[in-house]
Each structure stands twice: as C-alpha cells, then as structure tokens.
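Observations on the three-dimensional arrangement
Below, each chain spelled out in residue letters.
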Amino acid sequence: MANRFNECFPSFIPLHSEFSPGLKVIDNFSDHISFNVHNKEKDDKSHAHQLDDMVLESSLSPSTAIIVSDASIKNNVTTSILHMHINNKPLTKMIHHAVHITSTEAELFAIRCGINQAMNFDNVFKIIVITNSIHATRKIFELSVHLYQVQSAAILSDLCNFFKCHENNSIEFWECPSHLKWHFYKEVDKETKTFNPTLLYPCKTSWDFSKKSKSNDILKVWKMMFQASDLKGNQFLDLLNNNNDIIEPSYVKGGSWLKTFGHSNSLCVHATRAIMNLAPIGEYRLRFFPREEFKCSCSLYPIESRHHILHECGRFNSYWNLRRDSLGHFVMFLETNPSAFTFSDSLV
Ligand SMILES: [Zn+2]
C-alpha cells in the first residue's frame, strides 16, 4: 500500500457532517428507509413474484421512481448502468465508465446518480432501487469508516434533503440476484456486458481497488507457498471443498479451514492434530518412539496410520459416510468419533 499510495485517490471522508452524531440520516429518518432482501431459503420464483407485484403497484403511481442498476468489470474498466422508470415509462438511462475501481464502488456511484436524478422530479415521493449487490447499498448506512464514503456521503446528503422535503418521502432497496433473470434487471445486466472498453491512458487507482489487488497478490503468494510441501509439512492432509477441489489458503469468510471447525476450541485442536498428523497414534509413535506400540488396537492392521483410522478401522466406523476426504465429512467424522486422534484413545 505504501508503494501505491501516491497513485491512489482517497475515498473516505469521515469528518463529513453526515457521519456526525445527531445528523445521521439513519438516526433521523430510519422509518423512511427499507430493505427487501432475497431470502435464500425461499424459492427464487416467490422473490421474482414479489418484484413483479411491487413493479405493478408502483407503475400505476406517477410519484414512484424505479431505479435498476448494475455494474461489471472488463479489462480493468468498470461499466455502471442505471435505468429509471416512472409511471411505467423508461425515463432515464445513464452509462458510466471508470478505470481501476471495484464493482461495489461503481454500483454505489450508479445508485447515487439514480437517487439524485429521481429526487429532481417534483412529484416523486418514493424511490425504489433494484440491485443485485444489496451489500453495496448497506454500505450507504454503515456508520464506521469505510472505503465507499465518498459515494455514501453524497447519497446520504441527497436522501437527507429528499426526506426533509416531505414527511412521506421514502426509499426502498430491493435485492434482485442476477440468477433470477428478472426482466427489468436482465435488461440492465445484458447491457453492462455488451461494452468492451479498452484502457488507453495510465490512470489513478481507487483506494479500494489498490487494497483488492494487493490482497489478491498476497493470496497468490500464500497459495504458492502452500503448494510447496516442505513449508506446510509432508504430513499435511489435503482435504477437498464442496467442489471437490483441494482446499487452498484464503482469508475470505473466516478462512478456508477455520470457518468449519473454528467455533469450538476442542474440535479445532482435534482437527489440527489430525490434519498435521501430530496426533498420539501408532504412525506417530513409530516415527518418534519406535520402541512403543504402534499397532492398531483393532489388531487388523500392522500400523495404526491416519489413513487406517479415517477410512478402515472398525473402531471408528460409527459414522455412516465413508467419504472423509472432504472437509465437511472429515469434521463430521471427528465429531462423531471424539476419541479418534486423541490421548484418551491411545491410553485404551
Ligand atoms: Zn484399527
């Protein structure tokens, strides 16, 4: 980051009045703001129907502006598009290109333009924003210092003026995941992907984009170091993820392994011992204490190895699924066989 600093443009303004206690939009106008998030447990059709019903109701009213926005990145150029519909008519279409920014920033910028356009119509009392990145819209109201404050401060200033204009003025944010292929959103999504801009001049980079590319570089180094078995240890147990790929290091969503067993200290120790093969089992004793017993107490196998415990030993097969090469099933095996890979087992 230090090397890149001179090439960055800053994107946070924590001293903006919108972030001061008592002046925050979320404190003063919370009942004017609502979110309609896609419930992943319900089926997609019911959410698409809800969107249809909302549009049908809103399109009859000349005082509701519907904004549909999307952003996509190609060749480091981000394209953001917004369509605005009022009274069942497409009114405005805005297209922006920006270089070296993330899609979240572009998405927020499109929403900022849409809200600004909508509130300039005197008869608009309700603004509906439809987007596939609801996490970006939540950033607008996030009170801590974050990377999108240039956009969120501008949006909050506009919203503050909009809500002050009339006590019934309101805004709704609707999530519309791309896979729903909902008609209004599909149109915008298709359009953002048709552009194929090329980068001609060297450009400054946004703070968020720099941070993202730096963390991508770090991840690449982690993965490279991880593949070199002398760094992770020869005994390291390669486990598979849900897509049947070997798990690689990552910091996303709590890391690759810890998110599955990090909630329990004992399970974490148990899993770490088994993955590193530093557990009190025959294979370990044979390596470090060859005078001690290394046979499995099921007496069917000459060496009590990790593979034997996980896949063959009759003492630990109370768990029904034989596939223990995936992290999920491996952890289930440890949970159903708490004595496997522990001292309590070696004392039996
Ligand atoms: Zn055995």
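Just so you know, these numbers come straight off a predicted model, no measurement behind them.

1. Describing the nonpolar core
Counting 33 residues, the largest nonpolar core has Ile115, Ile127, Val129, Ile140, Phe163, Ile171 and Phe173 as its most contacted members. Among the elements of the structure, β3 (64-74), β4 (77-86), α3 (103-119), β6 (126-131), α4 (134-140), α5 (149-165) and β7 (170-175) are those that each provide at least two residues to this core. Ranked by residues supplied to this core, first place goes to α5 with seven residues. Among residues more than four places away in sequence, those in contact with Ile171 are His32, Ile33, Ser34, Ile115, Ile127, Val129, Leu159 and Phe163. Core analysis: the second largest hydrophobic core is formed by 27 residues, Ile281, Cys298, Val331 and Leu334 among them.

2. Some points on the side chain of His270
By secondary structure assignment, the location of His270 is in helix α10 (residues 265-276). You can call His270 buried: its relative accessible area is 8%. Residues in contact with His270, not counting those within four places in the same chain, are Leu334, Asn337, Pro338, Ala340, Phe341 and Thr342.

3. Things to note about the pairing of β6
In summary, the side chains of a regular strand alternate between the two faces of the sheet. Counting buried positions along β6 gives five out of six residues, so the element sits mostly inside the fold. Of the strand pairs in this sheet, β3 and β6 are connected by five bridges, and their pairing is parallel. Across the sheet, Ala65 pairs through a bridge with Ile127, a residue of β6. Pairing geometry for β6 and β7, over six bridges, is parallel.

4. Points about the coordination of the zinc ion
In the first shell of the zinc ion, the protein supplies Cys296 (SG), Cys298 (SG), His308 (NE2) and Cys313 (SG), at 2.1 to 2.3 Å from the metal. Coordination geometry of the zinc ion: the four donor atoms subtend angles of 103 to 116° at the metal centre, consistent with an arrangement described as tetrahedral. Linear spacing of the donor residues for the zinc ion on their chain is C-x1-C-x9-H-x4-C. Judged by relative accessible area, Cys313 falls into the buried class, the value being 0%.

5. Here we look at the state of the cysteines
This model, assessed by the stated rule, comprises zero disulfides. No disulfide involves Cys160; its sulfur sits 10 Å from that of Cys165, the nearest cysteine.

6. Considerations on the packing of α10 against helix α13 (residues 327-336)
Their axes nearest at 10 Å, the elements α10 and α13 cross at an angle of 115°. Seen along the crossing, α10 lies across α13 with a hand that is right-handed. Along the contact surface, α10 presents Leu267, His270, Ala271, Ala274 and Ile275, while α13 presents Phe330, Val331, Leu334 and Glu335. For the contact of α10 with α13, the per-class residue count stands at seven nonpolar, one polar and one charged.

7. Some details on the pattern of salt bridges
Evaluated as defined, the whole model comprises eight salt bridges. Between Lys126 and Glu172 there is a salt bridge; the shortest N-O distance is 3.2 Å. Residue Lys126 is located in strand β6, and its partner Glu172 is located in strand β7; the two are separated by 46 residues in the primary sequence. With relative accessibility at 15%, the residue Glu172 sits in the buried group.

8. Here's the deal with α10
The α-helix winds at 3.6 residues per turn, so residues separated by three or four positions along the chain end up facing the same way. When the terminal C-alpha atoms of α10 are compared, their 16 Å separation across twelve residues agrees well with the 16 Å that a helix rising 1.5 Å per residue should span. Of the residues making up α10, those classed as buried are Leu267, Cys268, His270, Ala271, Ala274 and Ile275. Angularly, the buried residues of α10 cover 165° about the axis, an arc narrow enough to put them on a single face. Of the residues in α10, the exposed ones pointing more than 90 degrees away from the buried face are Asn265 and Ser266. If you follow the buried residues of α10, they end up packed against α9 (258-261), α12 (306-312) and α13.

What counts and what doesn't
- Residues numbered from 1 in each chain as written.
- Predicted model: local features only at pLDDT ≥ 70, side-chain atom pairs only at ≥ 80, totals over all residues.
- Heavy atoms only, no water.
- Core = buried A, V, L, I, M, F, W, Y, C linked by side-chain atoms within 4.5 Å.
- Buried < 20%, exposed > 50% of the residue type's maximum accessible area, 1.4 Å probe, protein only.
- Helix = DSSP H or I, 4+ residues; strand = E, 2+ residues; numbered from the N terminus.
- Contact = heavy atoms within 4.5 Å.
- Pairing = 2+ DSSP bridges.
- Donors = N, O, S within 2.8 Å, 3.2 Å for Na, K, Ca; no water.
- Tetrahedral: all angles 85-135°; square planar, octahedral: opposite > 155°, others 65-115°.
- Disulfide = S-S within 2.5 Å.
- Axes fitted to C-alpha atoms, helices over the stretch in contact; angles between N-to-C directions.
- Left-handed = near helix turned anticlockwise from the far one by under 90°.
- Nonpolar A, V, L, I, M, F, W, Y, C, P; charged D, E, K, R; others polar.
- Salt bridge = Lys/Arg side-chain N within 4 Å of Asp/Glu carboxyl O.
- Expected span 1.5 Å × (residues − 1).
- Arc of directions from axis to C-beta.

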